[in-house]
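Architecture at a glance
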Amino acid sequence: MPTGTEKRFGGQTRNGRMRIEGGCHCGRISYDAEINPDYVVICHCTDCQTISGAPYRASVPVKTENFKLSGQPKTYVKTAASGNKRVLAFCADCGSAIYSTSLENRLVFNLRLGGVKQRAQLTPKYQGWCRSALPWAMDIGHIPQIPDQTP
Ligand SMILES: [Zn+2]
Ligand SMILES: [Zn+2]
């Protein structure tokens, strides 16, 4: 057990940040990061829908100095609506999305929340690109809920 009052991962540090760990499904890529839980966001843009294969995507930014990656993700470069080129990193073996970052200036990495072990504690604070949100994705609470696999 670590000494001191801070847990190694999860829980807030004294400066309001959280140490998290994550990685891909097959385990070839993993990381440690220190993030600010207030910056967790959902993106409803159509690129996130297509590239994630999901109705929307959630992520949290981390500065390069607070991000330790092990393993070599494959990358795909897309041109965003703004014209900026974004690098999307994913595991070449299992396909898990890992992060996005700027092509020119890799100072911040947007970690994909689904790969973060502490994701249940990271409630999003904002949702963006709501004009392209799937209308049903904004309110799934009323859809019948089953504790495990769907029929
Ligand atoms: Zn993998
Ligand atoms: Zn998006």
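Residues numbered from 1 in each chain as written. Chains lettered and ligands numbered in written order. Predicted model: local features only at pLDDT ≥ 70, side-chain atom pairs only at ≥ 80, totals over all residues.

**With respect to the overall build of the chain**
Tallying secondary structure elements over the chain gives 1 helix and 10 strands in all. Each helix and strand of the chain, ordered N terminal to C terminal, gives the series β-β-β-α-β-β-β-β-β-β-β. Radius of gyration (C-alpha) of the chain: 16 Å, near the 15 Å computed for a compact globule of 151 residues. Projected onto its principal axes, the C-alpha positions of the chain cover 45 × 40 × 30 Å. Taking all 151 residues of the chain together, 26% fall into the buried category. (Helix = DSSP H or I, 4+ residues; strand = E, 2+ residues; numbered from the N terminus. Rg over C-alpha atoms; globule rule 2.2 N^0.38 Å. Buried ≥ 20, exposed ≤ 12 C-beta atoms within 10 Å, placed from the backbone.)

**Let's talk about the sheet that holds strand β5 (residues 67–70)**
Two strands in a sheet stick together by hydrogen bonds in their backbones, pointing the same way (parallel) or opposite ways (antiparallel). Pairing within the open sheet is antiparallel, and its 3 strands lie in the order β1-β2-β5. In the strand order of this sheet, the two ends are held by β1 (18–23) and β5, each with one partner. Strand-to-strand, the axes of this sheet are offset by a mean angle of 15 degrees, without reference to chain direction. Sheet topology places β1 next to strand β2 (residues 30–35); 6 bridges connect them, and they run antiparallel. Paired with Gly22 across the two strands is Tyr31, which belongs to β2. (Pairing = 2+ DSSP bridges. Axes fitted to C-alpha atoms, helices over the stretch in contact; angles between N-to-C directions.)

**Section: the pairing of β2**
The alternating pattern of β2 places Tyr31, Ala33 and Ile35 on a buried face, while none of Ser30, Asp32 and Glu34, on the opposite face, is buried. Two successive antiparallel strands, β1 and β2, enclose a turn made up of 6 residues, where Gly27 displays a positive phi of approximately 95 degrees. Pairing of β2 with β5, which is carried by 4 bridges, proceeds in the antiparallel orientation. By the bridge assignment, Asp32 is partnered in β5 with Lys68.

**Some words on the nonpolar core**
Counting 27 residues, the largest nonpolar core has Val60, Ile98 and Leu111 as its most contacted members. Elements supplying a minimum of two residues to this core: β1, β2, β3 (41–43), β4 (57–63), β7 (85–90), β8 (97–102) and β9 (108–112). Once residues lying within four places of it in the same chain are set aside, the contact partners of Leu111 are Gly22, Ala33, Ser59, Val60, Val62, Tyr99 and Val116. (Core = buried A, V, L, I, M, F, W, Y, C linked by C-beta atoms within 7 Å. Contact = placed C-beta atoms within 7 Å.)

**Quick notes on the sheet that holds β8**
The strand order β6-β7-β8-β9-β4-β3-β10 describes an open sheet built from 7 strands, whose pairing is mixed. The sheet is open, and its two edges are formed by β6 (74–79) and β10 (126–128), each paired on a single side. Each adjacent strand pair in this sheet contributes to an overall mean axis angle of 30 degrees, direction not counted.

**Regarding the environment of Lys68**
Tracing the backbone shows Lys68 in strand β5. Between the C-alpha atom of Lys68 and that of Glu34, which follows or precedes it by 34 residues, the distance is 9.3 Å. Not counting chain neighbours up to four residues away, the residues in contact with Lys68 comprise Tyr31 and Asp32.

**Overview of the pairing of β7**
For β6 and β7, the ladder comprises 6 bridges, and the chain directions are antiparallel. By the bridge assignment for β7, Lys78 is matched with Arg86. The loop that links β6 with its antiparallel partner β7 comprises 5 residues; one of these, Gly83, has a positive phi angle of about 95 degrees. Relative to β8, β7 runs antiparallel, the two being bridged by 5 bridges. Bridge pairing in β8 places Ala89 opposite Tyr99. The antiparallel pairing of β7 with β8 creates a hairpin that spans 6 residues between the two strands, and Gly95 there sits at a positive phi of about 85 degrees.

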